[in-house]
Amino acid sequence: MKITVRAAAEADLAALLALYGELNPDDAPLPQAAADAVWAAISGQQGRTVLVAEADGTVAGTADCIVMPNLTRGGRAVLFVENVVVAGRFQRRGVGRRLMEAAVRLGESAGCYKVQLLAADDEYVHSFYAACGFKALAQGFRRYVE
């Protein structure tokens, strides 16, 4: 299976929405007009790259990356990764690893001093990120806004 990772384009929007449906199956589908507006905002945001992994020409996974400028660490930025998902039929086939490698390269090319993410509280997810070279070094906190 040939896996390639690239920046997502507008033509990938339907595939991205399908992947996000697997990530958050309880979410109501986003109406097309809203999805188009959100995609326009994402694609116009400086430092934002939505990566897609293609397996044999099919969008199989994604990771949303954003470079955040930073006034510490000598002005070196931080790359945050969010919404990592690999379609169920492509899991455990190297797609997620390739996405994470591409995210790290993106951070390196942007001069970031670290790549950071929050992970679901599932042992298999933690094992995956550890296998990709990430370390659980901090306690994460969230506050959802209703």
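Residues numbered from 1 in each chain as written. Predicted model: local features only at pLDDT ≥ 70, side-chain atom pairs only at ≥ 80, totals over all residues. Heavy atoms only, no water.

Focus: the overall build of the protein chain
Phase 1: Within the protein chain, the secondary structure is distributed over four helices and five strands.
Phase 2: Taken over the C-alpha trace, the protein chain has a radius of gyration of 15 Å; the compact-globule value for 146 residues is 15 Å, and the two agree within 12%.
Phase 3: Projected onto the principal axes, the alpha-carbon positions of the protein chain cover approximately 40 × 35 × 35 Å.
Phase 4: Considering only contacts in the protein chain between residues 6 or more positions apart, those separated by 24 or more positions represent 60%.
Phase 5: Accessible area for the protein chain stands at about 9500 Å²; split by element, carbon and sulfur atoms hold 53% of it.
Phase 6: Of the charged side chains in the protein chain, 15 are positive and 16 negative; the average position of the first set lies 9 Å away from that of the second. (Helix = DSSP H or I, 4+ residues; strand = E, 2+ residues; numbered from the N terminus. Rg over C-alpha atoms; globule rule 2.2 N^0.38 Å. Contact = heavy atoms within 4.5 Å. Areas by Shrake-Rupley, 256 points an atom, 1.4 Å probe, with all protein chains shown as cover. Lys, Arg positive; Asp, Glu negative; His and termini not counted. Charge placed at Lys NZ, Arg CZ, Asp CG, Glu CD.)

Points about the packing of aromatic side chains
To describe a pair of aromatic rings, you give the distance between the ring centres and the angle between the ring planes.
Phase 1: Going through the model one piece at a time under the given rule, you end up with two aromatic pairs.
Phase 2: Note on Y129 and F134: the rings are 6.1 Å apart at their centroids and 75° apart in plane angle, and the pair reads as edge-to-face.
Phase 3: Residue classification places Y129 among the buried residues on the basis of a relative accessible area of 10%.
Phase 4: Of the residues examined, F134 reaches a relative accessible area of 17% and is grouped as buried.
Phase 5: Aromatic ring contacts, followed pair by pair, group F128, Y129 and F134 into a single cluster. (Phe/Tyr/Trp six-rings, centres within 6.5 Å; stacked < 30°, edge-to-face > 60°. Buried < 20%, exposed > 50% of the residue type's maximum accessible area, 1.4 Å probe, protein only.)

Considering the sheet that holds strand β4 (residues 78-86)
Phase 1: The strand order β1-β2-β3-β4-β5 describes an open sheet built from five strands, whose pairing is mixed. Two strands in the sheet have a free side with no partner beyond their single neighbour: β1 (3-7) and β5 (114-117). On average, each strand axis in the sheet is tilted by 25° relative to the strand beside it, whichever way the strands run. (Pairing = 2+ DSSP bridges. Axes fitted to C-alpha atoms, helices over the stretch in contact; angles between N-to-C directions.)

Brief notes about helix α2 (residues 32-43)
Phase 1: The first and last C-alpha atoms of α2 sit 16 Å apart over 12 residues, in line with the 16 Å expected at 1.5 Å per residue.
Phase 2: Those residues of α2 lying buried are A35, W39 and I42. Along the long axis of α2, the arc covered by the buried residues comes to 60°, so they all point the same way. Set apart from the buried face of α2 by more than 90 degrees, the exposed residues are A33 and A41.
Phase 3: Taken together, the buried residues of α2 touch α1 (13-23) and β2 (48-55). (Expected span 1.5 Å × (residues − 1). Arc of directions from axis to C-beta.)

With respect to the UniProt feature "domain: N-acetyltransferase" (unreviewed entry) in the protein chain
Phase 1: Residues annotated in UniProt with the feature "domain: N-acetyltransferase" (unreviewed entry) correspond here to residues 3-146.
Phase 2: The annotated region residues 3-146 carries 33% helix and 26% strand content, and the separation between its end C-alpha atoms amounts to 38 Å. (UniProt positions renumbered as here; feature names shortened; annotations may be inferred.)

Considering the packing of helix α3 (residues 95-109) against helix α4 (residues 123-131)
Phase 1: Two numbers describe how α3 lies on α4: the axes approach to 10 Å, and their chain directions differ by 55°. By the angle between their axes, α3 is oblique relative to α4. Here α3 runs over α4; the crossing is right-handed. Across from G96, R97 and M100 in α3, the residues of α4 making contact are F128, Y129 and A131. (Parallel < 35°, antiparallel > 145°, perpendicular 65-115°, else oblique. Left-handed = near helix turned anticlockwise from the far one by under 90°.)

Notes on the pattern of salt bridges
Phase 1: Throughout the structure, instances matching the rule amount to four salt bridges.
Phase 2: A salt bridge links E54 to R6, with the nearest nitrogen and oxygen atoms 3.0 Å apart. Of this pair, E54 sits in strand β2 while R6 sits in strand β1; the two residues are 48 residues apart in sequence, bridging distant segments of the chain.
Phase 3: Accessibility expressed as a relative area gives 28% for R6, which makes it partly exposed.
Phase 4: Between D64 and R48 there is a salt bridge, with the nearest N and O atoms lying 2.7 Å from each other. One end of the pair, D64, is in strand β3 (residues 58-68); the other, R48, is in strand β2, with 16 residues separating them in the sequence. (Salt bridge = Lys/Arg side-chain N within 4 Å of Asp/Glu carboxyl O.)

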